[in-house]
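The residues making up each chain are set out below.
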Amino acid sequence: MTNRFLSYGRHWIDDDDIAAVAAVLRGEMLTTGPVVEHFEAAIAERVGAKFAVAVNSATSGLHVACLAAGVVAGTRALVPDITFVATANAVHLCGGEAGIVDIDPATIATPPAVWAGALAAAPDTRVVMPVHMAGLAVESAAIRQATAGRIVIEDAAHSFGGMYADGKPVGCGAHADMSVFSFHPVKPVTTGEGGVVVTNDPELARLLRLYRSHGIERGADHMVARDEDATGNSPPPWYYEQQALGLNYRLTDIQAALGLSQLGKLDRFVGRRREIATHYDSRFADLAHVEIPHADPSERARSGLHLYVALVDYAALGTTRRAVAERLKADGVGTQVHYIPVHRQPWHRDRLGTSNADYPGAESYYRRCLTLPLHPGLTDEEVERVVASFRAAVSA
Ligand SMILES: Cc1ncc(COP(=O)(O)O)c(C=O)c1O
């Protein structure tokens, strides 16, 4: 038994992950090469998408997805208030304007009717970006319907390995034009830093690749100029064209080797996360003043289970979130808050001129949310330590 500090999320690395990375380090190519291609093919197959474009973070993925969607100066997009700031920032990095929509604290998601209302108020909106908070895709089919005519970029950073309510894998393209996953160390599988954008649209896939690498096109079929050394339609082997303003968002073969090795463990990792989450659910169900979103067994069964979020009415318990977090920390149990509403962030608030009263759902969620440790490396004893510590901290 150890008394190690239990952080809210943590990677799991085995010797075979290390061996896979070492093999690339001993080889010829370190940066984007055959292993990235292999990784992309494996991801596409896993989620049932036609194309996967690997990038060096989900933040980069959201940025190139917005660029591929045609977000430019003045383009309007909508994002939920409860997400990591990267979702909204991707729009602004393209020069667009991200409007922020409220969420329902019970689902931590924006309901279809709220998307529809926001679109009715801003009909020129071109892009909508649902977020699968904590790993659960909520009402994706209805959101697609409510936002018809817009490009849907789902921020699936939390839900790699998850399923929609209809049983299809998140990322298969059934309910979004592009889906963006994260491979940050606390996510279901990791590449250290990394991400991927998946789509079924060949032109979006081409644009994602273009923006991922300086706006440079290398495909002979898509050349717009002609080099003097071209034979017929075939450009010389060294030839490339910069056709757009892009970035260097490439993933390396070193990272892709880790990702491929981790991908083989995804089901095991998500399975263990599910065991822990459902155990917490059963041990927290009787707690007064505590609500657990996504605790329905059918939701646990299809979620990517990135985060375990509890909603605590601290005032009713005569305490504060800070006091509860400090008490858990004293027991070696880490917590986090996911997330501070985007509308509260000074950069966004000053830009939009919003106030807390405009977002009652997000405010109600934010006041109460607390993330408890959930990752596949937690032992049964450690899970019990979290249970005992949390129960003691929130018992009246
Ligand atoms: C909802 C959401 N979107 C995007 C990101 C950005 O992911 P990355 O760290 O891979 O850039 C995160 C990271 O935590 C996230 O939680």
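Because the structure is predicted, anything quoted here is derived from the model rather than measured.

Okay, the sheet that holds strand β6 (residues 178-182) next. As summarised here, the arrangement of the seven strands in space is β1-β7-β6-β5-β4-β2-β3, forming an open sheet in which the pairing is mixed. In the strand order of this sheet, the two ends are held by β1 (51-55) and β3 (97-101), each with one partner. In this sheet, strand β7 (residues 195-199) lies alongside β1 in antiparallel orientation, the contact comprising five bridges. Among the inter-strand pairings, Ala-54 is bridged to a residue of β7, identified as Val-196. Lying on the sheet, helix α2 (residues 34-47) is in contact with β1 and β7; it crosses β1 at an angle near 130°.

This paragraph deals with the environment of Val-127. If you trace the backbone, Val-127 turns up in strand β4 (residues 127-128). Sequence spacing of Val-127 and Gly-61 is 66 residues, and the spatial spacing of their C-alpha atoms is 15 Å. What Val-127 contacts, discounting residues up to four positions off in sequence, is Cys-66, Ala-69, Val-71, Ala-77, Arg-150, Ile-151 and Ile-153.

Let's shift gears to the site of the ligand. Inspection of the region around the ligand gives 14 residues, with Ser-57, Ala-58, Thr-59, Phe-84 and Ser-182 positioned closest. Elements represented by at least two residues in the shell around the ligand include exactly α3 (58-68) and α4 (86-93). Of the residues contributing to the shell around the ligand, the split by class is five nonpolar, eight polar and one charged.

The next thing to look at is the pairing of strand β5 (residues 151-155). Within β5, five of the five residues are buried, which leaves it mostly tucked inside the rest of the structure. By the alternation rule, side chains of β5 split into Ile-151, Ile-153 and Asp-155 and Val-152 and Glu-154, which are all buried. In this structure, β4 lies alongside β5, joined through two bridges in parallel fashion. Bridge pairing in β5 links Val-128 to Val-152. After leaving β4, the chain enters helix α6 (residues 140-146) and then returns to the sheet as β5, a path that is right-handed. As paired elements, β5 and β6 share three bridges and run parallel to each other. Each bridged residue has a counterpart across the sheet, and for Glu-154 the counterpart in β6 is Ser-179.

Our focus in this paragraph is the domain arrangement of the chain. In terms of domains, the chain is made up of domain 1 (15-263) and domain 2 (266-393). Each partner contributes to the interface: domain 1 provides 28 residues, whereas domain 2 provides 28 residues. Per-class residue counts for the side of domain 1 that touches domain 2 are 17 nonpolar, seven polar and four charged.

Between α3 and α4, the shortest axis-to-axis distance is 8 Å and the interhelical angle comes to 40°. The orientation of α3 with respect to α4, classified from their angle, is oblique. Considering only the axes of α3 and α4, their crossing is right-handed. Contacts between α3 and α4 pair Ala-58, Thr-59, Leu-62, His-63 and Cys-66 from the former with Ala-86, Thr-87, Ala-90, Val-91 and Leu-93 from the latter. Along the lines of polarity and charge, the residues of the contact of α3 with α4 split into seven nonpolar, three polar and no charged.

Before going further, it helps to spend a moment on the nonpolar core. It is characteristic of soluble globular proteins that their nonpolar side chains tend to be buried jointly. Counting residues in hydrophobic clusters, the biggest one holds 117 residues, and the most contacted among them are Ala-65, Cys-66, Ile-153, Val-180, Val-197 and Leu-208. At seven residues, α3 tops the list of elements feeding residues into this core. Mapping this core onto the domain boundaries places at least three of its residues in each of domain 1 (15-263) and domain 2 (266-393).

With antiparallel pairing, three strands are arranged side by side in an open sheet as β10-β11-β12. Edge strands, defined here as strands with exactly one partner in the open sheet, are β10 (290-291) and β12 (369-372). In terms of strand pairing, strand β11 (residues 308-312) meets β12 through four bridges, oriented antiparallel. Bridging across to β12, Ala-310 finds its partner in Leu-370.

Next up on the list: unusual backbone geometry. Outside of glycine, negative phi angles account for most residues, and trans bonds account for most peptide bonds. Cis geometry marks the peptide bond from His-338 to Tyr-339, where omega comes out at 0°. Locating Tyr-339 in the fold gives a position in the loop between α11 (321-330) and α12 (346-352). With a phi close to 70°, His-214 is a non-glycine residue in the positive phi region. Assignment of secondary structure puts His-214 in the loop between α7 (202-212) and β8 (216-217). Of the residues examined, His-214 has 17 C-beta atoms within 10 Å and is grouped as partly exposed. The backbone phi angle of His-294 is positive, close to 65°, even though this residue is not glycine. Note that His-294 resides in the loop between β10 and α10 (297-300).

What counts, and at which threshold
- Residues numbered from 1 in each chain as written.
- Predicted model: local features only at pLDDT ≥ 70, side-chain atom pairs only at ≥ 80, totals over all residues.
- Pairing = 2+ DSSP bridges.
- Helix = DSSP H or I, 4+ residues; strand = E, 2+ residues; numbered from the N terminus.
- Contact = placed C-beta atoms within 7 Å.
- Axes fitted to C-alpha atoms, helices over the stretch in contact; angles between N-to-C directions.
- Near = placed C-beta within 6 Å.
- Nonpolar A, V, L, I, M, F, W, Y, C, P; charged D, E, K, R; others polar.
- Buried ≥ 20, exposed ≤ 12 C-beta atoms within 10 Å, placed from the backbone.
- Right-handed = clockwise from strand over helix to strand, strands pointing away.
- Domains from an automatic or database assignment.
- Parallel < 35°, antiparallel > 145°, perpendicular 65-115°, else oblique.
- Left-handed = near helix turned anticlockwise from the far one by under 90°.
- Core = buried A, V, L, I, M, F, W, Y, C linked by C-beta atoms within 7 Å.

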